[in-house]
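# Understanding the architecture of this molecule
Listed below, chain by chain, are the residues.
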Amino acid sequence: MLTQAPRGTRDVLPADSYRWQYLESKMRLAAAEAGYREVRTPVFEHTELFLRGVGDTTDIVQKEMYTFQDKGDRSITLKPEGTAGAVRCLLEHNLYADALPCKMYYLNAPVFRYEAPQAGRLREHHQFGLECFGAQDASVDAELILLAYNLLRSLGVSNLSVNINSIGCPNCRPKYHAALKAYLADRLDTLCGDCRNRFERNPLRVLDCKVPTCKAAVADAPSMLDYLCDDCRAHFAKLQACLGQTEIPFRIDPRIVRGLDYYTKTVFELITTTKDGSLTVCGGGRYDNLVEQLGGDPLPAVGFGMGLERVLMLLDGEGIEIPRPALYDVFVTYMGDNALKAFSLVQRLRLAGLKADMDHCGRSLKAQFKYAGKTGVRWVATIGDEEAAAGKVKLKNMETREECLVPVAEAAAAVK
Ligand code: ATP
Ligand code: MG
């Protein structure tokens, strides 16, 4: 128990963290290229924010939140998604008062959901998310879809499908709700228990159910796209026109509704197929009413969340290797009582911007070399009595086996 992390959580080990850092650097770059700047919000928020923001008919709120009373008897919830916190931050700091749109991203934000752990489904996962506030135009929806797609392509992912849909707005959705309910009413006995509840409270959500019998039951369900009002229809057409300006392969999937209540108009998912079925790497959409719902003036918005663990899974699945940085540029070995000289050389090398280290475990020279070899270091510097007396150091290129003697003061430059 003591030496076992809680179920559904995962450590990132020192030897593997370079993979995360690589993703992070690509993500930061992609966001910056489109004018998104980083926002950092707390890991926990008042529970009320998610009840109102995420929606109390969603799986997240009904089953998956990590909620507790703190010592001041406030109800606190660990973030189950990133958008509500971003909206709270926007409102608290009046970010909407600046020139719009207000574009922000979060990176490596921990997200907590009490789900059944399995491949690609953790209880703590991490998201890269973007939110754009204050722009109504579908060109922003398209920009976000392209950003996510191009990012994954730049990482080398090829097996990717981009699915889009429109789920309308409060003007047109009620009519669709009614049509969908009429359709589902005849099939209630084939739906799972959850979906029978959803049927009453939020029938759209039935389309999103992963239970096979429910999937089959909705196969011929009416499509929201046939019920869109003029405004939503034009918006969806503009989205497709924007995407059509690019090479991006996308398809319309009227089954996508997304697991959160706040979406309006555009919803989208980037999906990959694995040997165990399909995996959603990225999901997002427009949420034009959320800011108002959380107490602000009406402000249109659109965003997406991308799971870092799933991106890494995807890269592994496709056999895409991330360049592993060398642990050290130089490893300093020493003989006899030259430990202090070695220590001072290491400091000198580090000040010159090189990754350098030495033995701290009392190893013999032979063992020092063996250890250095294991780290894959390119250069080994050696200080023995002769070198020390001459104020020099012996440099050995571990690949070519060539050696040379250089003054200590020039060691860094020589390695560079
Ligand atoms: P799914 O349909 O797979 O449950 P979701 O619709 O719940 O996904 P979102 O709420 O849109 O997912 O979250 C955005 C992204 O975060 C997902 O596309 C996915 O990459 C990742 N994600 C969501 N839940 C998990 C989880 N439990 N473990 C790992 N990654 C997750
Ligand atoms: Mg989910």
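Note that the coordinates shown come from a computational prediction; the quantities given were computed from them, not determined experimentally. Residue numbers run consecutively from 1 along every chain, following the written order of its sequence. Whichever chain is written first is A, and whichever ligand is written first is 1; the rest continue in order. Whole-chain, interface and lining totals are the exception, using all residues; otherwise, since this is a predicted model, local features are given only for residues with pLDDT of at least 70 and side-chain atom pairs are given and counted only at 80 or more. In computing side-chain values, all of the structure's heavy atoms are included and hydrogens and water are not.

## Regarding the overall build of the protein
Along its length, the protein carries 15 helices and 16 strands. Compactness check: the protein gives a C-alpha radius of gyration of 28 Å against a globular reference of 22 Å for 416 residues, more than 25% above the reference. Taken along the three principal axes of its C-alpha coordinates, the protein extends 90 × 50 × 45 Å. Expressed as a percentage of its 416 residues, the buried residues of the protein come to 50%. By the criteria applied, helices consist of DSSP H or I runs no shorter than four residues and strands consist of E runs no shorter than two, each listed in order from the N terminus. Radius of gyration means the value over C-alpha atoms here, while the globule rule gives 2.2 Å times the residue count to the 0.38 power. Burial classes: relative accessible area under 20% of the type maximum marks a residue as buried, over 50% as exposed, and values in between as partly exposed (1.4 Å probe, protein chains only).

## Remarks on the domain arrangement of the protein
What the domain assignment reports for the protein is domain 1 (17–172 + 228–317) and domain 2 (330–415). An automatic or database domain assignment provides the domain bounds reported here. Between the C-alpha centres of domain 1 and domain 2 there is a distance of 49 Å.

## Quick word on the nonpolar core
For our purposes a nonpolar core is just a set of buried Ala, Val, Leu, Ile, Met, Phe, Trp, Tyr and Cys residues, chained together by side-chain atoms within 4.5 Å. Phe128, Phe133, Phe304 and Met306 are the most contacted members of the largest nonpolar core, which totals 103 residues. A per-element tally of this core places helix H5 (residues 138–154) first, with eleven residues. The contact criterion used is simple: two residues touch if any of their non-hydrogen atoms lie within 4.5 Å. Once residues within four sequence positions are removed from consideration, Phe133 is found in contact with Ala86, Val87, Leu90, Leu100, Pro101, Cys102, Met104, Tyr287, Val291, Leu299, Pro300 and Ala301. Val332, Leu349, Ala381 and Val393 belong to the second largest nonpolar core, which has 20 residues in total.

## Topic: the side chain of Arg113
Counting through the fold element by element, Arg113 comes out in the loop between strand E5 (102–112) and strand E6 (124–133). This buried residue, Arg113, is left without a salt bridge; Glu115 holds the nearest opposite charge, at 4.5 Å. The contact partners of Arg113, leaving out residues within four places of it in the chain, are Ile60, Glu64, Tyr66, Pro80, Glu81, Leu122, Arg123, His125 and Gln127. Within this scheme the basic residues Lys and Arg register as positive and the acidic residues Asp and Glu register as negative, but His and the chain ends are omitted. By convention in these notes, a salt bridge is any Lys or Arg side-chain nitrogen within 4 Å of a carboxyl oxygen on Asp or Glu.

## Quick word on the site of ligand 1
The environment of ligand 1 is made up of 16 residues, and the closest members are Arg113, Glu115, Arg121, Arg258 and Arg310. Within the contact set of ligand 1, a nitrogen atom lies 2.9 Å away from a backbone nitrogen or oxygen of Leu122. Separating an oxygen atom of ligand 1 from a side-chain N or O atom of Arg310 is a distance of 2.8 Å. Every accessible area reported is derived by Shrake-Rupley at a probe size of 1.4 Å, with residue values counting cover from the shown protein chains alone. In isolation ligand 1 exposes 580 Å². Once the protein is present, 92% of that is buried. Mapped onto the shell around ligand 1, the elements with two or more residues apiece are E6, strand E10 (277–286) and strand E11 (301–307). The nonpolar class holds Ala, Val, Leu, Ile, Met, Phe, Trp, Tyr, Cys and Pro. Asp, Glu, Lys and Arg form the charged class, and all remaining residues, Gly among them, are polar. Here the shell around ligand 1 is built from residues that sort into three nonpolar, seven polar and six charged. Throughout, the term near means that a residue has one or more heavy atoms lying within 4 Å of the molecule or strand in question. Contacts described as polar in this section are N or O atom pairs within 3.5 Å, which, within protein, must combine one atom able to donate a hydrogen with one able to accept it, while residues neighboring in sequence count only if both atoms come from side chains.

## Here's the deal with unusual backbone geometry
Glycine aside, a negative phi is what most residues show, and trans is what most peptide bonds show. Look at the link from Leu100 to Pro101: it is a cis peptide, with omega at 5°. By secondary structure assignment, the location of Pro101 is in the loop between helix H4 (83–92) and E5. Non-glycine residue Asp73 carries a positive phi angle of around 65°. If you trace the backbone, Asp73 turns up in the loop between strand E3 (67–69) and strand E4 (75–78). On the basis of relative accessibility, which here comes to 58%, the residue Asp73 falls in the exposed class. One non-glycine residue, Asn94, lies in positive phi territory at about 50°. If you trace the backbone, Asn94 turns up in the loop between H4 and E5. Judged by its relative accessible area of 42%, Asn94 falls in the partly exposed class.

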